[in-house]
Amino acid sequence: MEKIIDENKQGKSLVLDQKKGNEKKLFIESYGCQMNFSDSEIVASILSEQGFNTTKSIEDADLVLVNTCSIRDKAEQTVRKRLTYYNKVKKRNPDMKVGVLGCMAERLKTKFLEEEKIVDLVVGPDAYKDLPNLLAEVEEGRDAINVILSKEETYGDISPVRLNSNGISAFVSITRGCDNMCTFCVVPFTRGRERSRDPQSIIEEVNDLWSKGFKEITLLGQNVDSYLWYGGGLKKDFEKASELQKATAVNFAKLLELCAKAQPKMRFRFSTSNPQDMTLDVIETMVTYENICNYIHLPVQSGSNRILKEMNRLHTREEYFELIDNIKRIIPDVGISQDMIAGFPTETEEDHQDTLSLMEYVKYDYGFMFAYSERPGTLAGRKMEDDIPADVKQRRLNEIQALQRRHSLYRTQQHIGKIEEILIEKSSKKSDAHWAGRNSQNVVAVFPKEHYKPGDFVNVKITDCTSATLIGEAVGYSKNN
């Protein structure tokens with residue numbers, strides 16, 4: 001679960017500007033983490049060159065694609081329900097083609113063609129460039145599948161279209177795959193081994209986004225701290241690199257610096273970090289450049305050393321505390337969020353109390369908390385019995401969530417009385433008379449609109465808060481505007 005899943009975005013159909021001359025219609029929706037939504041932008045870009053424009057109406061579509069997630073059972077069940085709905089639409093429009101993309105496609109492979117008779121093509125996360133060939137197979141009346149995992153594919157040469165974009169913030173993918181074999185996670189099996197994207201192509205995408213008016217970028221990867229470019233190839237093969245390659249290699253701290261220098265007025269964030277791979281040079285880089293936000297998503301999953309070992313997390317509770325202490329020493333006003341799993345196999349009440357005490361120590365700004373669900377294909381799914389009763393899992397999850405709510409309120413209260421830079425993103429959900437944007441620590445702030453507009457950097461005096469939102473009033477443009 002090293003991936004943030006925004007429940008508000010699940011199943012959103014993605015739409016971009018219509019390309020003149022394209023006559024075919026593509027309906028594409030995504031489930032899971034931000035990597036999947038980013039991948040959907042790559043897919044839409046590839047298919048735009050094949051004559052497809054996106055549509056929000058599934059009834060009008062020539063091609064329907066669902067980008068899937070395998071991280072939780074809930075996501076898979078939702079996709080299966082969606083496929084049932086697609087089937088009803090397809091009966092009215094028999095020429096419509098349906099494809100499954102992403103992690104669930106990688107995990108289930110040919111089962112989709114056999115079980116879900118509606119599915120015409122199955123495409124894994126590393127095979128999107130093969131979509132034109134696969135569609136040609138489908139047009140010839142054959143089922144098509146490509147779920148081969150690549151050691152090289154990073155899609156660095158694809159300029160993604162921005163789907164449902166607010167025109168202000170964007171995601172830029174810097175790595176693919178993961179080498180950390182956490183026992184609860186299916187990602188290494190659905191997205192393959194870690195490889196990094198050419199830094200030059202990343203900077204080019206950053207510069208292009210700035211030229212199009214974007215003001216904030218999140219560098220995205222399953223584990224951004226593992227970013228390592230030495231001319232191409234898997235991270236695990238770095239030890240075989242030449243001395244010149246090693247001497248000129250770019251790690252994540254260096255990439256952050258390159259981005260910050262390339263566009264000094266653009267904000268930069270990154271996600272997701274892994275405690276065992278995060279190094280202090282990244283934190284030093286963050287504090288060196290004002291345009292790198294003071295926010296880190298640092299999943300820990302459990303506060304118990306025994307459970308961390310069962311999860312194959314390659315750090316201890318004590319090492320995590322040391323990292324947190326160093327981060328807060330270097331960046332005192334840092335915002336930190338977590339992922340936490342309640343009820344992992346064999347978890348005792350003592351293990352659960354260790355998690356609560358770890359949370360008390362860190363006092364996270366917010367978090368993403370789940371009850372453990374066994375995922376087929378994971379090491380835990382193969383070798384460990386899911387032995388914690390559902391009611392016990394839920395009770396422990398409720399306690400974790402309640403503690404996090406208290407800590408979130410404590411953290412937002414620390415901002416009251418301060419003047420903070422907010423990047424305006426959109427109108428507030430609750431009031432059309434207020435703007436909403438985020439501060440450096442990734443906390444949402446709302447304030448009266450006045451004469452400001454989306455994309456403005458505004459200094460806001462924080463006067464009140466809830467556990468999730470800062471409330472204030474603008475006092476002028478910030479120096480970055």
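Residues numbered from 1 in each chain as written. Predicted model: local features only at pLDDT ≥ 70, side-chain atom pairs only at ≥ 80, totals over all residues. Heavy atoms only, no water.

Chemist: Explain the confidence of the model for the protein chain here, please?
Modeler: A low pLDDT score tells you not to read the predicted coordinates there in detail. Averaged over all residues, the pLDDT of the protein chain equals 90, while 95% of them reach at least 70. Long-range and interchain partners of residues 1-5, a stretch whose pLDDT sits below 50, account for 38 contacts in this model, where long-range means more than four residues apart. (pLDDT = per-residue confidence, 0-100. Contact = heavy atoms within 4.5 Å.)

Chemist: Sorry, what's going on with the pairing of strand β16 (residues 335-342) here?
Modeler: Side-chain direction in a regular strand flips from residue to residue, so the side chains alternate between the two faces of the sheet. With eight of eight residues buried, β16 lies mostly within the body of the structure. Burial along β16 is two-sided: Gly335, Ser337, Asp339 and Ile341 and Ile336, Gln338, Met340 and Ala342, pointing in opposite directions, are all buried. Pairing geometry for strand β15 (residues 295-297) and β16, over three bridges, is parallel. Bridge assignment links His297 to a residue of β16, and that residue is Ser337. Direction of pairing for β16 relative to strand β17 (residues 366-371): parallel, over a ladder of six bridges. Looking across to β17, one finds that Ser337 is bridged to Tyr366. Read as a crossover between parallel neighbours, the route from β16 over helix α13 (residues 349-362) to β17 is right-handed. (Buried < 20%, exposed > 50% of the residue type's maximum accessible area, 1.4 Å probe, protein only. Helix = DSSP H or I, 4+ residues; strand = E, 2+ residues; numbered from the N terminus. Pairing = 2+ DSSP bridges. Right-handed = clockwise from strand over helix to strand, strands pointing away.)

Chemist: Is there a simple way to explain the packing of aromatic side chains in this structure?
Modeler: Here a ring pair, both rings aromatic, is described through the centre-centre distance and the interplanar angle of the planes. A complete count under the given rule lists seven aromatic pairs for this structure. Seen in terms of ring centroids, Tyr230 and Phe238 are 5.1 Å apart; in terms of plane orientation they differ by 65°. Their pairing is edge-to-face. Seen in terms of ring centroids, Phe344 and Tyr372 are 5.1 Å apart; in terms of plane orientation they differ by 70°. Their pairing is edge-to-face. Residue Phe344 is found in the loop between β16 and α13, and its partner Tyr372 is found in the loop between β17 and α14 (379-383); the two are separated by 28 residues along the sequence. For the pair shown, Phe344 and Tyr372 are each scored as buried. Three or more aromatic residues link up through ring pairs in this structure, and these residues are Tyr295, Tyr366 and Phe368. (Phe/Tyr/Trp six-rings, centres within 6.5 Å; stacked < 30°, edge-to-face > 60°.)

Chemist: Looking at this model, I keep getting lost on helix α2 (residues 73-92). Mind explaining?
Modeler: Turn by turn, an α-helix covers 3.6 residues, leaving residues three or four places apart pointing in a common direction. The end-to-end C-alpha distance of α2, which contains 20 residues, comes to 30 Å, matching closely the 28 Å that a straight helix rising 1.5 Å per residue would cover. Inspection of α2 places Ala75, Glu76, Val79, Leu83, Tyr86, Val89 and Lys90 among the buried residues, and these make up the whole buried set. Down the axis of α2, the sector holding all buried residues measures 120°, keeping them to one side. Those residues of α2 that are exposed and aimed more than 90 degrees away from the buried face are Lys74, Lys81, Lys88, Lys91 and Arg92. Residues of α2 that are buried sit in contact with β2 (24-30), β4 (63-68), β5 (97-102), α3 (103-108) and α4 (111-115). (Expected span 1.5 Å × (residues − 1). Arc of directions from axis to C-beta.)

Chemist: Would you explain unusual backbone geometry in this entry?
Modeler: Glycine aside, residues mostly have negative phi, and peptide bonds are mostly found in the trans state. In this chain, Ser271 is followed by Thr272 through a cis amide linkage whose omega measures 5°. With a phi close to 75°, Gln301 is a non-glycine residue in the positive phi region. When you line up the elements, Gln301 lands in the loop between β15 and α11 (305-310). The buried category is assigned to Gln301, whose relative accessible area is 0%. Backbone geometry places Lys363, a non-glycine residue, at a positive phi of 55°. Mapped onto the elements, Lys363 comes out in the loop between α13 and β17.

Chemist: Before we go on, may I ask you to explain the side chain of Asn22 in this structure?
Modeler: Here Asn22 shows up in the loop between β1 (12-13) and β2. With relative accessibility at 17%, the residue Asn22 sits in the buried group. Within the local environment of Asn22, its side chain forms a polar contact with the backbone oxygen of Phe52, the two atoms lying 3.1 Å apart. What Asn22 contacts, discounting residues up to four positions off in sequence, is Ser48, Gly51, Phe52 and Asn53. (Polar contact = N/O pair within 3.5 Å; in protein donor to acceptor, adjacent residues only side chain to side chain.)

Chemist: Hey, could you run me through helix α7 (residues 199-211) in this one?
Modeler: Here α7 contains 13 residues, and its C-alpha end-to-end distance of 18 Å stays within 8% of the 18 Å for a straight helix at 1.5 Å per residue. Every buried residue belonging to α7 is among Pro199, Ser201, Ile202, Ile203, Glu205, Val206 and Leu209, and all of these are buried. With a side-chain oxygen lying 2.9 Å from the backbone nitrogen of Gln200, the N-terminal cap of α7 falls on Asp198.

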